[in-house]
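A closer look at the structure
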Amino acid sequence: MELRLVLTVDDFDQALGFYRDALGLPELEKWETTGDARIAILDGGRATLELVNEAQAAAIDGVEVGSRVAGPLRIAIEVADSPTLAARLVAAGAGQLAEPVLTPWNDLNIRLRTPDGLQLTLFTVQ
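Owing to the predicted nature of the structure, the values given are computational and were not obtained by experimental measurement.

1. Re the packing of aromatic side chains
For the coordinates displayed, the defined rule picks out one aromatic pair. When the ring of F18 is compared with that of Y19, the centres are 5.1 Å apart and the planes differ by 85 degrees; the resulting orientation is edge-to-face. Considered together, F18 and Y19 belong to a single accessibility category, that of buried residues.

2. Topic: a nonpolar patch on the surface
Taken together, the side chains of L3, L5, L49 and L51 make up a nonpolar region of the molecular surface, amounting to roughly 470 Å² of accessible area. As for its position among the elements, L49 is in the loop between strand 2 (38–42) and helix 2 (54–64). Since its relative accessible area comes to 65%, L49 is described here as exposed.

3. Describing the environment of E50
Looking at the secondary structure, you find E50 in the loop between strand 2 and helix 2. Residue E50 is classed as exposed on the basis of its relative accessible area, which comes to 55%. Along the primary structure E50 and E2 are separated by 48 residues, whereas in three dimensions their C-alpha atoms are 15 Å apart.

4. Concerning the side chain of T114
For T114, the position within the fold is in the loop between strand 6 (107–113) and strand 7 (119–125). A distance of 2.6 Å separates a polar atom in the side chain of T114 from a polar atom in the side chain of D116. Residues in contact with T114, not counting those within four places in the same chain, are F18, Y19, A94 and L120.

5. Some points on unusual backbone geometry
With a phi angle near 65 degrees, N106 is a residue other than glycine that sits in the positive phi range. Along the chain, the position of N106 falls in the loop between strand 5 (101–102) and strand 6. Accessibility expressed as a relative area gives 38% for N106, which makes it partly exposed.

6. Some points on the pattern of salt bridges
Counting across every chain of the model gives eight salt bridges. Among the ionic pairs, R68 bridges to D61, the shortest N-O distance being 2.7 Å. Accessibility expressed as a relative area gives 33% for R68, which makes it partly exposed. We note a salt bridge from R111 to E64, for which the minimum N-O separation is 2.7 Å. Pair noted here: R111 is in strand 6 and E64 is in helix 2, with a separation of 47 residues, a long-range link. Residues R111 and E64 agree in their burial class; the two are buried. A single network of salt bridges, built from pairs that share partners, joins E54, D61, E64, R68 and R111.

7. Remarks on the environment of Q56
Considering the arrangement of structural elements, one finds Q56 in helix 2. Once the C-alpha coordinates of Q56 and G117 are considered, the two residues, 61 residues apart in sequence, prove to be 22 Å apart.

8. Thoughts on helix 1 (residues 12–22)
Among all positions of helix 1, only F12, A15, L16, F18, Y19 and A22 are buried. Among the structural elements, strand 1 (27–32), strand 2 and helix 3 (82–91) are those in contact with the buried residues of helix 1. For helix 1, the N-terminal capping position is held by D11, with its side-chain oxygen 3.3 Å away from the main-chain nitrogen of D13.

About the thresholds
Residues numbered from 1 in each chain as written. Predicted model: local features only at pLDDT ≥ 70, side-chain atom pairs only at ≥ 80, totals over all residues. Heavy atoms only, no water. Phe/Tyr/Trp six-rings, centres within 6.5 Å; stacked < 30°, edge-to-face > 60°. Buried < 20%, exposed > 50% of the residue type's maximum accessible area, 1.4 Å probe, protein only. Patch = residues over 30% accessible without salt bridge, like charges linked within 9 Å, V, L, I, M, F, W, Y side chains within 5 Å. Areas by Shrake-Rupley, 256 points an atom, 1.4 Å probe, with all protein chains shown as cover. Salt bridge = Lys/Arg side-chain N within 4 Å of Asp/Glu carboxyl O. Helix = DSSP H or I, 4+ residues; strand = E, 2+ residues; numbered from the N terminus. Polar contact = N/O pair within 3.5 Å; in protein donor to acceptor, adjacent residues only side chain to side chain. Contact = heavy atoms within 4.5 Å.

Function cannot be inferred from these measures alone, as they are strictly geometric.
Next comes the structure, spelled out in structure tokens:
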């Protein structure tokens, strides 16, 4: 019914500012539990689970960045304008790992490293 990725972060406020405010994922719910425990549920749109083997992961990294750099999890988000959003995310603390690339599957992809260290691909279907 729903695919939910749960990301544990060291700096909750920074992560909320990055994913909600800079990336633009709408906040569905947010609350505090015991002590300083906090949670926010952000709407990431439609979710899919993409399974790839090591050879395909290396091929994707090669196209997007030039070498194998991602770990076992990378988030890919389809957006309307990947270069513009990437610039906004870099201003919000992300690191851009490579220049935008038109992939063999005809998407304009940009790979970023989020402030919490996650690899993020922004892609715009051409």
